[in-house]
Amino acid sequence: MTMQETALDDRQRRARNYAVMAVLLALVALFYVITLVKMGAF
Amino acid sequence: MRPLSAPLDAAAGPAVADYVALLKPRVMSLVVFTGFVGLYLAPGHLHPVLASVAVLCIAVAAGACGAINMWYDRDIDALMRRTKDRPLPAGRMAPGEALGFGCVLAGASVMVMALALNVAAAALLALTIGFYVFVYTVWLKRRTPQNIVIGGAAGALPPIVGWAAATGDVGLPALALFALIFFWTPPHFWALALYRAGDYERAGVPMMPNVAGPAETKRQMLIYTLVLWPCALAPTLLGVAGWVYGAAALVLSAAFTACAVRVLYDPGERAARQMFGFSILYLFLLFALMVIDRVAGLPGLQG
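Residues numbered from 1 in each chain as written. Chains lettered and ligands numbered in written order. Predicted model: local features only at pLDDT ≥ 70, side-chain atom pairs only at ≥ 80, totals over all residues.

A.B. asks: Before we go on, may I ask you to explain the overall build of chain B in this structure?
C.D. replies: A count of helices and strands for chain B gives 14 helices and zero strands. Helices (α) and strands (β) of chain B occur, in sequence order from the N terminus, as α-α-α-α-α-α-α-α-α-α-α-α-α-α. Computed over the C-alpha atoms, the radius of gyration of chain B is 20 Å, within 12% of the 19 Å expected from 2.2 N^0.38 for a compact globule of 303 residues. With the C-alpha coordinates of chain B rotated into their principal frame, the extents come out at 60 × 50 × 30 Å. Buried residues in chain B amount to 50% of all 303 residues. Long-range contacts, defined as pairs at least 24 residues apart, comprise 74% of the intrachain contacts of chain B with a sequence gap of at least 6. (Helix = DSSP H or I, 4+ residues; strand = E, 2+ residues; numbered from the N terminus. Rg over C-alpha atoms; globule rule 2.2 N^0.38 Å. Buried ≥ 20, exposed ≤ 12 C-beta atoms within 10 Å, placed from the backbone. Contact = placed C-beta atoms within 7 Å.)

Right, here's the structure in full:
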């Protein structure tokens, strides 16, 4: 594996990790809002 | 023919865009829209947040179906021009990764639907995913030219899921929306199959033009467009849409039938290509008009 390939690999892995983080944070927010609505907060 | 996958391009691994491609975003958009309309037309009031969650679940489930379908069909996808650049046949992603991604999304969408909305909607969503994966993709697609006719039920279920999310049961108008998409699917797919017959032939998928020939396919397409007339008019007759929608449904159905007649007499591909394009517009406009009719409070049988 060349240096360039390693750099590309790192970039793509970072992008995937950020995407997973965004999805997890969105899920936390989603469950929080669903709970509030189910409890009749709105 | 299976198992087959291109050697994995291990240098880079899959990009985020490859995961998005697994979800078949274009197919998803029509599924989401029809699911939303089913939910919107249903009687009663659903909190906007919960309605959004229901639509999100339908979208994620549709994406899950796309991912699992791409995992199973990776061998034939590599043989067709239209699909050979997908993440698996192109070697940008390992097959197991796509399968895992699809299964997680499928499970999550059903679970959230059950927790946030109701069990009936979640069960129907699970049925939709199961039907698409096991009945259409695994069982029918490679075995019979009726593949997309019977398999079309999976694509027709989202409005019922949306309706059930709002009401907890399945009403007659929801079944009318199901019938509309169900009978729209064959002429829609066969229009595509008429000018992509070579692709399907190479992949060994028994689409109607390859098995019964173009003439018989065109004849059946015309019949399906005629069956669509009462289906398109049903929302008005059942009182969930007004007469403005009803009139537009008749005009659009006449135009769709005219497309099928043109295809019948066109020995080339041009009419089939146009019919495929119009078929998407036809379904989109019908569902959009049902919503507009409701929003504007236009007169119907019950108003």
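Following the structure, the description resumes.
A.B. asks: Sorry if this is basic, but what is going on with the overall build of chain A here?
C.D. replies: Broken down by element type, chain A carries one helix and zero strands. The C-alpha extent of chain A, read off along each of the three principal axes, is 55 × 10 × 5 Å. Per-residue burial over chain A gives 0% buried out of 42 residues.

A.B. asks: How should I be thinking about the nonpolar core in this particular structure?
C.D. replies: Within soluble globular proteins, side chains that are nonpolar tend to cluster in buried spots. Residues and elements named next belong to chain B. Residues Ala54, Ile58, Ala61, Ala67, Met113, Ala121 and Leu125 are the most contacted members of the largest nonpolar core, which totals 105 residues. Domain assignment of the residues forming this core places at least three in each of domain 1 (15–170) and domain 2 (172–303). Leave out the neighbours within four places in its chain, and Leu125 touches Cys57, Ile58, Ala61, Ser109, Val110, Met113 and Val161. (Core = buried A, V, L, I, M, F, W, Y, C linked by C-beta atoms within 7 Å. Domains from an automatic or database assignment.)

A.B. asks: Please clarify how the domain arrangement of chain B should be interpreted in this entry.
C.D. replies: Often, the extent of an interface is quoted as the loss of accessible area on bringing the components together. All names here are of chain B. When its domains are assigned, chain B resolves into domain 1 (15–170) and domain 2 (172–303). The gap between the C-alpha centroids of domain 1 and domain 2 is 21 Å. For the side of domain 1 that touches domain 2, the elements supplying multiple residues, two or more each, are helix H2 (25–41), helix H7 (147–156) and helix H8 (158–167). For the side of domain 1 that touches domain 2, the per-class residue count stands at 18 nonpolar, five polar and four charged. (Nonpolar A, V, L, I, M, F, W, Y, C, P; charged D, E, K, R; others polar.)

A.B. asks: Which parts of the structure should I look at to understand helix H13 (residues 243–265) of chain B?
C.D. replies: Note: α-helices contain 3.6 residues per turn, so residues at a spacing of three or four share the same orientation. The terminal C-alpha atoms of H13(B) lie 33 Å apart, and with 23 residues this matches the ideal 33 Å at 1.5 Å per residue to within 8%. Where H13(B) is buried, its residues contact helix H9 (172–195), helix H12 (214–237) and helix H14 (270–296) of chain B. (Expected span 1.5 Å × (residues − 1).)

A.B. asks: Looking at this structure, I do not really get the environment of B:Met290. What am I missing?
C.D. replies: Residues and elements named next belong to chain B. Take Met290: it is sitting in helix H14. For Met290, a count of 26 C-beta atoms within 10 Å translates into the label buried. Contact partners of Met290, with chain neighbours within four places excluded, come to Val37, Leu41, Pro235, Ala241 and Tyr245.

A.B. asks: Just to check I follow, could you spell out the interface of chain B and chain A for this structure?
C.D. replies: With ten residues of chain B in contact, the opposing surface of chain A contributes 13 residues. By residue class, the composition of the side of chain B that touches chain A is eight nonpolar, two polar and no charged.

A.B. asks: Even after reading the chapter, I still don't get the packing of helix H1 (residues 3–38) of chain A against helix H3 (residues 48–72) of chain B, so can you show me in this structure?
C.D. replies: Any two packed helices are characterised by how steeply their axes cross, that is the angle between the axes, and by the distance between the axes. Where H1(A) contacts H3(B), the axes come no closer than 10 Å and their chain directions differ by 135 degrees. Regarding the angle of H1(A) to H3(B), the classification is oblique. Remark: the crossing between H1(A) and H3(B) carries left-handed chirality. Two secondary-structure elements touch here, H1(A) through A:Leu30, A:Val33, A:Ile34 and A:Val37 and H3(B) through B:Val49, B:Leu50 and B:Val53. (Axes fitted to C-alpha atoms, helices over the stretch in contact; angles between N-to-C directions. Parallel < 35°, antiparallel > 145°, perpendicular 65-115°, else oblique. Left-handed = near helix turned anticlockwise from the far one by under 90°.)

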